Amino acid sequence: MKRFSHLIALASVALSLSGLAHSAETKAAKPDLAAGEAKAAVCSACHAVDGSRGLPTYPILQGQHPEYIVKQLTEFKEGKRKNGIMSGMAAPLSPEDMRNVAAFFGSKKAPEGTAKNKDLVAVGQKIYRGGIAKKGVAACAGCHSPNGAGMPAQYPRLAG
C-alpha cells in the first residue's frame, strides 16, 4: 500500500510539472501582432498592407487561418513548395516570425465579396458542391467545407 501511495505522489508531481511546462509553452507561443505587422510590411508589395490581395494573381491573406499561413510559409522555406518569390520571402523568417505574421493577417476581417455574373456563380456553386466528374475534379466543399471556412493548417478559407 505504501508503494502505491508513493507512485500516486510521483504521478501527481509529474502531472503538475507537465501542466507548468504546458502553461509556459502556451504563454511563449502567443503571437505578437505588432511584430507580425512589422514583419508583414514587406508582404504588402504583393498582398496589400492588410492582406486583402493587391492584384488578383495573389492570394488574400486577410482573415486566413493563421495555422494555414504558417504551414505554407514553412513549406516555402523548406522547399516543399516551390516558388522563387515566396521561397525568398520565407527564407529569413523564424518560426516565431511566421506565427506573428500569420496571426497579424488572421486577425483581419475576411473580405466580403460576391461574383457579379449569375451564370458563373451557378457554375461555380455546382463545381464547389459536386466537382467535375468527367475530369476527376473533386468537390471543393469536401476539403474547404460546405460553407468555405476551410480547415486550419490543411485547407485555406475560401469564403468571402
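This text follows the structure it describes.
Residues numbered from 1 in each chain as written. Predicted model: local features only at pLDDT ≥ 70, side-chain atom pairs only at ≥ 80, totals over all residues. Heavy atoms only, no water.

## Brief notes about the overall build of the protein
In terms of helices and strands, the protein carries 8 helices and 0 strands. Starting at the N terminus and ending at the C terminus, the protein contains elements arranged as α-α-α-α-α-α-α-α. Every one of the 160 residues in the protein was classed for burial, and the buried ones make up 22%. Of the contacts formed within the protein by residues at least 6 apart in sequence, a portion of 53% connects residues at least 24 apart. (Helix = DSSP H or I, 4+ residues; strand = E, 2+ residues; numbered from the N terminus. Buried < 20%, exposed > 50% of the residue type's maximum accessible area, 1.4 Å probe, protein only. Contact = heavy atoms within 4.5 Å.)

## Section: the nonpolar core
Across soluble globular proteins, you tend to see nonpolar side chains buried next to one another. Within the largest apolar cluster, 13 residues are counted, with the highest numbers of intra-cluster contacts made by Ala40, Ile69, Leu73 and Phe105. For this core, the leading source of residues is helix H6 (residues 95-106), giving 5 residues. In this structure, phenylalanine 105 is in contact with Ala40, Cys43, Ala48, Val49, Asp50, Gly51, Leu61, Gln62, Gly63, Gln64 and Ile69, ignoring residues within four places of it in sequence. (Core = buried A, V, L, I, M, F, W, Y, C linked by side-chain atoms within 4.5 Å.)

## Overview of the side chain of histidine 144
In this fold, histidine 144 is placed in helix H8 (residues 141-144). Within the local environment of histidine 144, its side chain forms a polar contact with the backbone oxygen of proline 156, the two atoms lying 3.0 Å apart. Non-local contacts of histidine 144, meaning those with residues more than four positions away in its chain, are made with Tyr128, Ala149, Gly150, Tyr155, Pro156 and Leu158. (Polar contact = N/O pair within 3.5 Å; in protein donor to acceptor, adjacent residues only side chain to side chain.)

## Regarding the side chain of asparagine 100
Following the sequence through the fold, asparagine 100 ends up in helix H6. In terms of polar contacts, asparagine 100 uses its side chain to reach the backbone amide nitrogen of aspartate 32, at 2.7 Å. Those residues within four positions of asparagine 100 in sequence are excluded, and the remaining contacts are Pro31, Asp32, Ala35 and Gly36.

## Examining the layout of surface pockets
Here the largest pocket defines a volume of roughly 1200 Å³. If you go around the largest pocket, you meet 42 residues; those closest to its centre are Pro59, Ile60, Leu61, Gln64 and Arg157. Elements supplying a minimum of two residues to the lining of the largest pocket: helix H3 (44-47), helix H4 (66-78), helix H5 (84-90), H6 and helix H7 (118-130). Ranked by residue count, the leading element in the lining of the largest pocket is H4, at 5 residues. (1 Å grid on protein atoms, 1.4 Å probe; cavity = no way out; pocket = protein on both sides within 12 Å on 5 of 7 lines; lining within 4 Å. Points joined across faces, edges and corners; volume = space filled by probe spheres on them.)

## Observations concerning the environment of aspartate 32
Structurally, the position occupied by aspartate 32 is in the loop between helix H1 (2-28) and helix H2 (33-40). C-alpha of aspartate 32 to C-alpha of alanine 103: the two residues are 71 residues apart in sequence and 7.7 Å apart in space.

## Quick look at the pattern of salt bridges
Evaluated as defined, the whole model comprises 3 salt bridges. Here aspartate 97 and lysine 39 are joined by a salt bridge, their closest N and O atoms 3.7 Å apart. Placement of the pair is aspartate 97 in helix H6 and lysine 39 in helix H2, with a sequence separation of 58 residues. For aspartate 97, a relative accessible area of 14% gives the class buried. One salt bridge connects lysine 71 with glutamate 75, and the closest N-O pair in it is separated by 3.0 Å. Of this pair, lysine 71 and glutamate 75 both sit in helix H4, 4 residues apart, which is roughly one turn of the helix. (Salt bridge = Lys/Arg side-chain N within 4 Å of Asp/Glu carboxyl O.)

## Concerning the packing of H2 against H6
Relative orientation of the contacting elements H2 and H6 amounts to 95°, with a least axis distance of 7 Å. Classed by the angle they form, the pair H2 and H6 counts as roughly perpendicular. Along the contact surface, H2 presents Leu33, Ala35, Gly36, Glu37, Lys39 and Ala40, while H6 presents Asp97, Asn100, Val101, Ala103, Phe104 and Phe105. Here the contact of H2 with H6 is built from residues that sort into 7 nonpolar, 2 polar and 3 charged. (Axes fitted to C-alpha atoms, helices over the stretch in contact; angles between N-to-C directions. Parallel < 35°, antiparallel > 145°, perpendicular 65-115°, else oblique. Nonpolar A, V, L, I, M, F, W, Y, C, P; charged D, E, K, R; others polar.)

Nothing here speaks to function; it is geometry throughout.
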